Structure formats: C-alpha cells, structure tokens
Amino acid sequence: MLIKEIAIILGIYFLGEALVYVLDTKFPGSVIGMLLLLAALHLKWIKINDIRLVSSFLLSYMPLFFIPAGVSVMVTYTLMEGFYLQIVLITLVSTILVMALTAFVVQYFVQREKS
Amino acid sequence: MTLLFGLLLTLIVGVLSLYIKTKVSWSLFNPMLFSMLVIIMILTVFDIPYADYKVGGDIVLKMLGPITVVLAVPLYQHHDKLKKHAFAILFGVILGSLSALVSVYLFSLMVGLDMTLLKSLLPRSVTTPIGIASSEMIDGLVGLTVLSIVITGAFGAIIADRVYKVFNITEPIAKGVALGTSSHAIGTGRAFEYGTLEGAMSGLSIAITGVSTILWLLLFQFLGFI
C-alpha cells in the first residue's frame with residue numbers, strides 16, 4: 001500500500017533526524033536514515049517489497065529533485081567571478097586523480113586476494 | 001500562488017527534460033543541468049525574482065531527505081557482491097574519497113579560492129542528494145556543489161577509458177568501484193556499458209563514497225581545516 005510505504009520511509013527518515021538531534025552531531029539525518037534502512041533490510045525487519053513503489057519512484061525521478069538546488073547559482077554566481085576556469089580545472093584534475101587512485105588501489109588488492 | 005509557481009515550474013521543466021532524455025541518443029544529456037538552465041532563463045527573461053521561485057523550489061528540495069534514505073535500496077540489492085572483495089572495495093572507496101577531498105583542498109589553496117568556494121567544491125564526487133547534504137553541513141554554496149557534481153560525473157564518464165588505459169587497469173571490479181567513487185551515478189551509467197559486474201560495483205560504491213566523504217569532512221572540521 002502506497003501510504004504504508006510512505007510512512008515507513010518517512011518514519012526511518014524521522015528516526016535518522018531524531019538520532020542526529022539526540023547525538024548533537026552535524027552528520028546529515030537523511031544519511032543516518034539511509035544507514036538505518038540498510039540495517040533494517042539486512043535484519044529483514046523491512047523487505048524491499050514493503051517500500052518498492054515509493055523507492056523506485058524516488059530513485060527514477062531523482063534528478064528532478066535537485067533542480068532547485070542548481071537554480072540557486074543564479075544568486076550565488078557572483079561569488080565565483082574570476083574563478084570559473086580555476087573551479088572547472090580543479091574539478092577535472094581531481095576527478096582523474098580520484099579515478100586513477102581508486103582503480104589502482106582496488107586492482108592491487110583484488111589481484112592479491114585472488115592469488 | 002507563489003508556492004505553486006516554483007513547484008509547477010520545477011515539475012514541468014523537470015518532467016519535460018526527463019522526457020527529452022529518453023528521446024535523444026546523446027548519453028551525456030543531463031536533465032538536471034538542462035532544467036536548471038531553462039528555469040534560470042525563464043526567471044531572467046520574465047524578470048521574476050529568485051526569491052519568488054525559491055518558495056516553491058524549496059518544497060521540491062524537501063524530497064532530498066527521503067531520496068537519500070532510499071539510496072539504501074540499490075546498496076542492499078548489490079551487497080552480496082561486496083562480500084568477496086570487501087576489503088579491497090572498502091579500502092579503495094575510503095582512500096578514493098579522501099583523495100577527492102585532499103586534492104580539491106590543495107588545488108583550491110594553490111589557485112587562491114576563498115573558503116566558501118573551497119567548501120562548496122569538496123563534496124563534488126558524491127551522489128547529488130548526499131552532496132547537497134554535505135555542502136549544507138559544512139556551509140558551502142549548494143548551487144556550486146551541484147554544478148561541480150554534474151561536471152565531475154560527465155567528465156569521469158568521458159575520461160574513464162583513457163584513465164584505465166594509461167594506468168593499466170584491467171580488473172572489472174576496480175573499473176566499477178573507481179567510476180562510482182569518482183563520478184557517482186553518471187559514472188555508474190558508464191560502468192554498466194563495460195558490464196553488469198562493473199555497473200553493480202559502481203552502484204555499490206556510490207552510497208559508500210557518500211558516507212565515507214561525510215566522515216572525512218567531519219574529521220576535516222574537527223581538525224580545523226575547514
């Protein structure tokens with residue numbers, strides 16, 4: 001049932017936010033919620049079927065929900081003035097570095113575990 | 001009225017761009033980026049203040065919480081693939097996400113970016129909903145974070161072939177994990193073109209990268225770096 005699915009997901013999200021409040025940490029409550037849901041799925045307290053409709057809806061329309069965050073650059077772009085090229089360059093170089101390092105480390109250990 | 005305006009504009013443009021995505025063959029067409037540009041254009045042309053759009057836009061953004069929660073679903077579905085090489089994968093992701101932060105941090109200081117821009121760029125290799133939450137956590141500019149996340153994903157997907165050739169990466173698990181760690185969902189799309197193992201590994205790495213990045217950021221904060 002749709003309402004039940006929404007209630008489960010919002011309930012877990014609420015638990016995550018409540019934990020953040022109680023522990024007085026800056027860790028995002030939504031990410032705690034993700035970890036709680038992962039634990040609940042592992043422990044079989046919640047089955048994928050219990051949240052299938054709402055989770056696949058949210059995941060398939062995900063990009064739509066970021067749009068307003070992107071639009072906010074129209075009021076903050078002035079802070080980037082003079083730094084556009086640097087920002088893009090940092091992003092590109094760092095991406096190559098992260099990809100190469102991660103691939104290298106994982107390949108090294110996977111091959112060692114295999115042999 | 002104002003509330004409905006931002007809400008409807010976002011939904012209409014968003015759904016339209018998701019539709020275009022299914023029609024164009026260009027795999028790098030990014031619905032989020034496209035929608036964002038269209039909305040900024042509409043607001044500019046009709047001289048509508050951003051604040052008026054924001055009222056409804058914020059309602060849409062509220063969904064990021066539940067979206068982040070259900071990211072556990074793909075992670076759970078692929079978790080059996082994690083078991084065999086858990087150490088290699090986790091170690092790679094944890095080190096990879098640290099290298100993203102350290103490199104952005106050092107490069108930003110080198111070219112003289114101020115602290116706000118630096119902080120906005122830090123979560124650039126994580127999946128967008130967690131990236132937005134991370135950016136808010138460290139007081140970055142969420143808009144810049146989202147943009148750098150999109151650039152990162154698109155560039156990672158383009159450059160992967162070359163990077164793997166130059167660094168002699170042949171192991172499918174390594175290719176997948178590296179794409180997910182460096183370029184989140186867009187990289188995962190590319191990883192699935194290599195194969196299902198690469199795709200699953202990449203998808204698995206996305207959520208782990210998110211959690212790992214937040215933990216590193218909290219350490220950065222604790223140490224007074226940001």
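Residues numbered from 1 in each chain as written. Chains lettered and ligands numbered in written order. Predicted model: local features only at pLDDT ≥ 70, side-chain atom pairs only at ≥ 80, totals over all residues. Heavy atoms only, no water.

**Remarks on the side chain of A:Glu5**
1) Next: Position of A:Glu5 relative to the elements: it lies in helix α1 (residues 2-23).
2) Next: If sequence neighbours within four positions are ignored, A:Glu5 has contacts with A:Asn49, A:Asp50, A:Ile51, A:Arg52, A:Leu53 and A:Val54. (Helix = DSSP H or I, 4+ residues; strand = E, 2+ residues; numbered from the N terminus. Contact = heavy atoms within 4.5 Å.)

**A closer look at the domain arrangement of chain B**
Quoted interface sizes are often the accessible area lost when the parts come together.
Residue and element names in this part refer to chain B.
1) Next: Taken domain by domain, chain B holds domain 1 (2-62) and domain 2 (85-222).
2) Next: Between domain 1 and domain 2, the C-alpha centre-to-centre distance is 25 Å.
3) Next: Residue-level contacts link five residues of domain 1 with seven residues of domain 2.
4) Next: Both faces considered, domain 1 and domain 2 share a buried interface measuring about 500 Å² in area, 88% of it formed by carbon and sulfur atoms.
5) Next: For domain 1, the biggest contributors to the area lost against domain 2 are Leu28, Asn30 and Met32; these three give 63% of the whole.
6) Next: Applying the counting criterion to the domain 1 and domain 2 interface returns zero salt bridges. (Domains from an automatic or database assignment. Buried area = accessible area lost by both parts, 1.4 Å probe. Salt bridge = Lys/Arg side-chain N within 4 Å of Asp/Glu carboxyl O.)

**Structural notes on the packing of aromatic side chains**
1) Next: Going through the model one piece at a time under the given rule, you end up with 11 aromatic pairs over all chains.
2) Next: Measuring from centroid to centroid gives 5.4 Å for B:Phe220 and B:Phe225, while their planes differ by 80°, and the two rings are edge-to-face.
3) Next: Under the relative-accessibility criterion, B:Phe220 is labelled buried at 5%.
4) Next: Members of the aromatic cluster, connected to one another through ring pairs, are A:Tyr108, A:Phe109, B:Phe87 and B:Phe91. (Phe/Tyr/Trp six-rings, centres within 6.5 Å; stacked < 30°, edge-to-face > 60°. Buried < 20%, exposed > 50% of the residue type's maximum accessible area, 1.4 Å probe, protein only.)

**Some thoughts on helix α9 (residues 128-137) of chain B**
1) Next: Most of α9(B) is tucked away: nine of the 10 residues are buried.
2) Next: What α9(B) keeps buried is the set B:Thr128, B:Pro129, B:Ile130, B:Gly131, B:Ile132, B:Ala133, B:Ser134, B:Ser135 and B:Met137.
3) Next: Structurally, α9(B) contributes buried residues whose contacts are with α2 (29-42) and α4 (67-71) of chain A together with α4 (64-70), α10 (142-166) and α12 (196-222) of chain B.
4) Next: Within two residues after α9(B), B:Asp139 carries a phi angle of roughly 60°, on the positive side.

**Observations concerning the interface of chain A and chain B**
1) Next: Chain A puts 67 residues into the contact, and the matching count from chain B is 95 residues.
2) Next: For the chain A and chain B pair, buried surface summed over both sides reaches about 7,300 Å², with 84% attributable to carbon and sulfur atoms.
3) Next: When the area that chain A buries against chain B is broken down by residue, the three leading residues are A:Met34, A:Ile90 and A:Met99, summing to 9%.
4) Next: Put simply, A:Lys114 and B:Glu171 hold a salt bridge, and the shortest N to O gap is 3.0 Å.
5) Next: Viewed at the interface, chain B and chain A are joined by 11 residue pairs in polar contact (both at pLDDT 80 or more).
6) Next: Considering every element that reaches the side of chain A that touches chain B, the biggest residue donor is helix α6 (residues 84-114) of chain A, with 26 residues.
7) Next: Per-class residue counts for the side of chain A that touches chain B are 49 nonpolar, 14 polar and four charged. (Polar contact = N/O pair within 3.5 Å; in protein donor to acceptor, adjacent residues only side chain to side chain. Nonpolar A, V, L, I, M, F, W, Y, C, P; charged D, E, K, R; others polar.)

**A look at unusual backbone geometry**
Residues and elements named next belong to chain B.
1) Next: One non-glycine residue, Asp47, lies in positive phi territory at about 55°.
2) Next: You can see Asp47 is positioned in the loop between α2 (31-45) and α3 (50-61).
3) Next: A positive phi angle, near 55°, is found at Asn168, a position not held by glycine.
4) Next: Mapped onto the secondary structure, Asn168 falls in the loop between α10 and α11 (172-194).

**Examining the pattern of salt bridges**
Residues and elements named next belong to chain B.
1) Next: All chains considered together, the criterion is met by four salt bridges over all chains.
2) Next: A salt bridge links Asp161 to Arg190; the nearest nitrogen and oxygen atoms lie 3.1 Å apart. One end of the pair, Asp161, is in helix α10; the other, Arg190, is in helix α11, and 29 residues separate them in sequence.
3) Next: Note on Arg190: relative accessible area 16%, which makes it buried.
4) Next: Three or more residues are tied together by salt bridges with common partners; here these are Asp161, Arg190 and Glu193.

**Here's the deal with the layout of surface pockets**
Unoccupied space between atoms shows up once a probe the size of one water molecule is rolled over them.
1) Next: There is about 970 Å³ of room inside the largest pocket.
2) Next: With eight residues, the single largest contributor to the lining of the largest pocket is α11(B).
3) Next: Looking at the lining of the largest pocket residue by residue, the class counts come to 23 nonpolar, 11 polar and three charged.
4) Next: Volume-wise, the second largest pocket comes out at about 280 Å³.
5) Next: Lining the second largest pocket are 14 residues, and of these A:Tyr13, B:Leu61, B:Leu64, B:Gly65 and B:Glu136 lie nearest its centre.
6) Next: Secondary-structure elements contributing two or more residues to the lining of the second largest pocket are α1 and α2 of chain A together with α4 and α9 of chain B. (1 Å grid on protein atoms, 1.4 Å probe; cavity = no way out; pocket = protein on both sides within 12 Å on 5 of 7 lines; lining within 4 Å. Points joined across faces, edges and corners; volume = space filled by probe spheres on them.)

**Here's the deal with the environment of A:Leu19**
Residues and elements named next belong to chain A.
1) Next: By the secondary structure assignment, Leu19 is in helix α1.
2) Next: Residue class for Leu19 comes out partly exposed when judged on its relative accessible area of 34%.
3) Next: Sequence separation between Leu19 and Gly33 is 14 residues, and the spatial gap between their C-alpha atoms is 9.2 Å.

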